[in-house]
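Okay, here's what each chain looks like letter by letter:
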Amino acid sequence: MSSIAVPRPFAPRRAWLTDLPVLLVAVVWGSSYLAAKDITTARTVLAVLVLRFAVVLPVLAVVARRSLRALTAAQWRGAALLGLILGGIFLLETYGVVHTSATNAGLVISLTMIFTPLAEAAVTRVRPPRAFLTAAGLSVLGVVLLTQGGGFTRPSLGDLLMLFAALARTVHVLAMSRIRAVRGADALSLTTVQLGAAVVVFAVLSAGADTTPWGAAAGFGAREWAGLLFLSVCCTLFAFFVQMWAVRRTSPSRVSLLLGTEPLWAAGAGIALGGERLGVVGLAGGALVLVGTAWGRRAAS
């Protein structure tokens, strides 16, 4: 992200004006797992991903046209590489949510907040605080309990895919901080190139799939189109612009803290709207994941 001026102290009585839209992003992101599960099957994952990002990409390209022209060749290559990783993340997440519950998906993916500081510690060879390691262990135990709500069996394919998605998110974060070419790139143009590269990946893979994007779109009813537009407009376009707007008016840490409530909303949407049930063991596991990630985020900072 390009250099950002340090925000001036924010009046407490007006802080909610910035916090509320960011919290809304966490809500729609938490709801996105249920929405994706509702309109996607194992056969239509690639088609839905192409449609989801093809809807918003032209808007981003028009808004970012000036900053895109200012990118150097090295920045284009770096952003494209990040886009390939991002494409892998969305593939893992979408296939994962098809094969597990929306509640599990949102809670397992929250392990990114634990994996990222651990990966940074490994790269920099700086031992994490003991409190963070304890919190990480608590989160891992929570995931084990969460995925065993129906009895102690092997985790489902979807749970494992979401775990790999959390690892891929960690790789993406580290790559953004390590690829020198993209450090000075404008956030809007960087995101546009990444999404463009991801769409190319989805389009190429969907060419040999059973269901094409156009075939899937032709079979959509009002419910599926509403879900697709929710994922495209709310969970992608709206979420991106709110983050850019908020981080310039408050601290990145405050934004991160509010976005960290995403697993709560994912669990709430899955249980309240999706009719999902965790059971006593699963509820205990979900609680441990939330406590562990919140404690770990605080210890890592």
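Residues numbered from 1 in each chain as written. Predicted model: local features only at pLDDT ≥ 70, side-chain atom pairs only at ≥ 80, totals over all residues. Heavy atoms only, no water.

Draft legend 1. View of the pattern of salt bridges. Counted by the stated rule, this structure contains three salt bridges. With a closest N to O distance of 3.9 Å, R43 and D210 form a salt bridge. Linking R43 in the loop between α1 (12-39) and α2 (45-63) with D210 in the loop between α9 (187-206) and α10 (213-218), this pair joins segments that are 167 residues apart in sequence. The burial state of R43 is the same as that of D210; both residues are exposed. Across the pair E93 and R169 runs a salt bridge whose closest N-O atoms are separated by 2.8 Å. One end of the pair, E93, is in helix α4 (residues 73-98); the other, R169, is in helix α8 (residues 157-178), and 76 residues separate them in sequence. (Salt bridge = Lys/Arg side-chain N within 4 Å of Asp/Glu carboxyl O. Helix = DSSP H or I, 4+ residues; strand = E, 2+ residues; numbered from the N terminus. Buried < 20%, exposed > 50% of the residue type's maximum accessible area, 1.4 Å probe, protein only.)

Draft legend 2. Here's a closer look at the environment of M176. Position of M176 among the secondary structure elements: in helix α8. You can call M176 partly exposed: its relative accessible area is 32%. In this structure the C-alpha to C-alpha distance between M176 and G78, which are 98 residues apart in sequence, comes to 8.7 Å. Look past the residues within four positions of M176 in its chain and what remains in contact with it is L82 and V182. (Contact = heavy atoms within 4.5 Å.)

Draft legend 3. The arrangement of the packing of α2 against α4 in detail. Between α2 and α4, whose axes approach to 10 Å, the crossing angle comes to 125°. With respect to α4, the axis of α2 lies oblique. Judged by the twist between their axes, the crossing of α2 over α4 is right-handed. Residues V45, L46, L49, R52 and F53 of α2 lie in contact with α4, whose contacting residues are F90, L91, T94, Y95 and V98. For the contact of α2 with α4, the class distribution of residues is eight nonpolar, one polar and one charged. (Axes fitted to C-alpha atoms, helices over the stretch in contact; angles between N-to-C directions. Parallel < 35°, antiparallel > 145°, perpendicular 65-115°, else oblique. Left-handed = near helix turned anticlockwise from the far one by under 90°. Nonpolar A, V, L, I, M, F, W, Y, C, P; charged D, E, K, R; others polar.)

Draft legend 4. Quick look at a nonpolar patch on the surface. Taken together, the side chains of V55, W225, L229 and V233 make up a nonpolar region of the molecular surface, amounting to roughly 300 Å² of accessible area. Looking at which element gives the most residues to the nonpolar patch, the answer is helix α11 (residues 222-247), with three residues. You can see V55 is positioned in helix α2. (Patch = residues over 30% accessible without salt bridge, like charges linked within 9 Å, V, L, I, M, F, W, Y side chains within 5 Å. Areas by Shrake-Rupley, 256 points an atom, 1.4 Å probe, with all protein chains shown as cover.)

Draft legend 5. Fine view of the confidence of the model for the protein. When pLDDT is averaged along the protein, the result is 83, and 88% of the positions lie at 70 or above. Summarising per-element confidence for the protein, the mean pLDDT is lowest in helix α12 (residues 252-259) (66) and highest in α4 (94). Across residues 1-11, where pLDDT falls below 50, the model places 19 contacts with residues more than four positions away in sequence or in other chains. (pLDDT = per-residue confidence, 0-100.)

Draft legend 6. Spatial organisation of the packing of helix α6 (residues 112-124) against helix α7 (residues 130-146). Two elements in contact, α6 and α7, have axes separated by 10 Å at closest approach and are oriented at 140°. Here α6 is positioned oblique relative to α7, judged by the angle of their axes. Both α6 and α7 take part in a crossing whose hand is left-handed. The residues of α7 that touch α6, namely those facing M113, I114, P117 and L118, are F132, L133, A136 and S139. Across the contact of α6 with α7, the residue classes break down as seven nonpolar, one polar and no charged.

Draft legend 7. View of α8. Taking 1.5 Å per residue, 22 residues should reach 32 Å; α8 reaches 31 Å between its end C-alpha atoms and fits that length. Residues of α8 that are buried: G158, D159, L161, M162, A165, A166, A168, T170, H172, L174 and A175. (Expected span 1.5 Å × (residues − 1).)

Draft legend 8. Highlighting the nonpolar core. Membership of the largest hydrophobic core comes to 35 residues, with the highest contact counts inside it found for L49, F53 and F202. For this core, the secondary structure elements donating two or more residues are α2, α4, α8, α9 and α11. Grouped together as the second largest cluster of nonpolar side chains are 32 residues, V28, V97, A105 and A266 included. (Core = buried A, V, L, I, M, F, W, Y, C linked by side-chain atoms within 4.5 Å.)

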